[in-house]
Amino acid sequence: MDYRLLGATGLEVSELCLGAMMFGSQTDEQTSTQILDTFTEAGGNFVDTADVYGDGRSEEVLGRWLKGRRREDLVVATKVWGPMGAGRNDRGLSRKHILDAVEASLRRLGTDHIDLYQLHRCDPATPMAETLSTLDLLVRTGKVRYVGVSNFSGWQLQKAIDLCRQHSWESPASLQPLYNLLDREAEWELLPVCRNEGVGVITWSPLRSGWLSGAYRRGMTAPPANSKVSSPGTHSWERYGNEHTWRVVDELVAVATEVGCTPARVAIRWLLQRPGVTAPIIGARTHAHLDDALGAVGWSLSPGQVSRLDAASEPERLPYPYNLAPLLDRSRQP
C-alpha cells in the first residue's frame, strides 16, 4: 500500500483509510480485530471512527486492539458532534461538549492523544470561532495532533480556514466528504477549496452503501430484503434506482470486466485517482468486504477507462450557478 501526505501537513497516511463505524455493533469484536490485523498487515496505518458509532463501542473496540501495539505506527482519527447522552450539552460543538467529548474518546481509545480529531458536521448553534479556538487548545495541550472537518459545505470550510488563518489557530488538515461515482457534488466547491488551501480529502461511502459493489444491476426492480438500500434514507432505492445509476453501474461493470476485478475495486480505484483525494474510507463490515477493498491498490485504471467512468457519472444537469462554469471558462480562453 502506498502512502500520501495529509493535505499540507507532513503526516503520512495509507492510501486507504479503514472505517470502523460497524465495529462493536454490526461487526463483532473478534471480526473487528481480524479486520484491523489484516488491514495493518497490508500496510494500512489510518483508521477512522467517531464517538457516536455504536454509542462509543467502536472506539472501545479500537482501543482494546491498540493495546500492545506500537501506537506511533498508527494514525487514529475520531469525530465529535453527535449526541452522547441525554443532557442539554451532550451534543454539538460548544467548548464544553468538545472538552468533555475528547476526554471520553481518549478513555475509550485507551490513548493519551488523538491523531486526527474531526468535527462530524457544522453546528449552527455554536459560533465557529468558539469551536475552532477549542480545537486549537487541544492541539496546543497535546491531546490532539491534527484537526479536520466532515460534512461541511464549501462556505463553511472556507470560513473555518479563514478564521484559523486570522487568529493563528490550528487549521483543518482534512475534509471528510461524501464522494463517489454516484455522488460527485463535492467537485463543485469542496474539492476546489481543498486543493486551493492544502486540505486533505478523506472520502466516505466509496461504494454508496453497496450501489457500486456489483450487487445491483440494471433490470432489478427492488433491492434485496434487509439491505441498507431497502431502508428509507439518503442511499435508498427511491433515490438511486434510476437511469443515471444504471448508466454508471453499466460502465463500472464493463471496466471491471476489462481489468479482471470486481466493480467495488474499480469504484475505489477511481477515487484513488481523483485529483486531491488523499484516502477513501473503506467501511468493511466483514473480512470479505475488506479483502475486496484491498484489491483496489497496486494498479491503475487507464486514462481511457477513467474518462469513460467520468462521462457515465457526470450529472446530466448542474444546478445554478455551477451550470455557468463551462461557459465562463470558455469565454476566458486565450
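For the structure itself, look to the data block above.
A brief look at the structure comes next. (Residues numbered from 1 in each chain as written. Predicted model: local features only at pLDDT ≥ 70, side-chain atom pairs only at ≥ 80, totals over all residues. Heavy atoms only, no water.)

## Some points on the overall build of the chain
Put simply, the rule is: Counting from the N terminus, the helices are DSSP H or I runs at least four residues long and the strands are E runs at least two residues long. Here the globule rule is a power law, 2.2 Å times the number of residues to the power 0.38, and the radius of gyration is based on C-alpha atoms. Any two residues whose heavy atoms approach within 4.5 Å are treated as being in contact.
When its secondary structure is counted, the chain shows twelve helices and ten strands. Relative to a compact globule of 334 residues, whose C-alpha radius of gyration would be 20 Å, the chain shows 20 Å and is just as compact. On the principal axes, the C-alpha backbone points of the chain span a range of 55 × 50 × 35 Å. Considering only contacts within the chain whose residues lie at least 6 apart along the sequence, 77% involve residues at least 24 apart.

## Let's talk about helix 2 (residues 57-66)
Definition in use: The cut-offs for exposure are 20% and 50% of the maximum accessible area for each residue type, with area from a 1.4 Å probe on protein chains only; residues under the lower value are buried, those over the upper are exposed, and the others partly exposed.
Burial analysis of helix 2 places seven of its ten residues in the buried class, the great majority of the element. Those residues of helix 2 that fall on the buried side of the exposure criterion are S58, E59, V61, L62, G63, W65 and L66. Turning to helix 2, the residues buried within the fold contact helix 1 (29-41), strand 4 (46-48), strand 5 (75-80) and helix 3 (95-109).

## Digging into the environment of D28
Counted only if it meets this: The definition of a polar contact used here is a pair of N or O atoms within 3.5 Å, where within protein one atom must be able to donate a hydrogen and the other to accept one, and adjacent residues in sequence count solely through side-chain atom pairs.
Residue position: D28 is located in the loop between strand 3 (17-19) and helix 1. Separated by 258 residues in the primary sequence, D28 and T286 place their C-alpha atoms 9.6 Å from one another. In terms of polar contacts, D28 uses its side chain to reach the backbone amide nitrogen of T31, at 2.7 Å.

## Some details on the pairing of strand 10 (residues 279-282)
The condition that has to hold: Paired strands, as defined in this entry, are two strands with at least two bridges between them according to DSSP.
A two-sided burial pattern is seen for strand 10, the buried positions comprising A279 and I281 on one face and P280 and I282 on the other. Relative to strand 10, strand 3 runs parallel, the two sharing two bridges. In the sheet register, L18 faces strand 10, and the bridge partner there is I282. Sheet topology places strand 9 (residues 200-203) next to strand 10; two bridges connect them, and they run parallel. When the sheet's bridge partners are listed, T203 is paired in strand 10 with P280.

## Concerning helix 5 (residues 154-167)
Basically, it comes down to this: Multiplying 1.5 Å by the helix residue count minus one yields the expected span of that helix.
Spanning 14 residues, helix 5 covers 20 Å between terminal C-alpha atoms, matching the ideal 20 Å at 1.5 Å per step. Three or more residues of helix 5 are buried, namely G154, Q156, L157, A160, I161, L163 and C164. Buried residues in helix 5 make contact with helix 4 (128-140), strand 7 (144-150), strand 8 (174-176) and helix 6 (190-197). Following helix 5 by one or two positions, S168 has its phi on the positive side, about 60 degrees.

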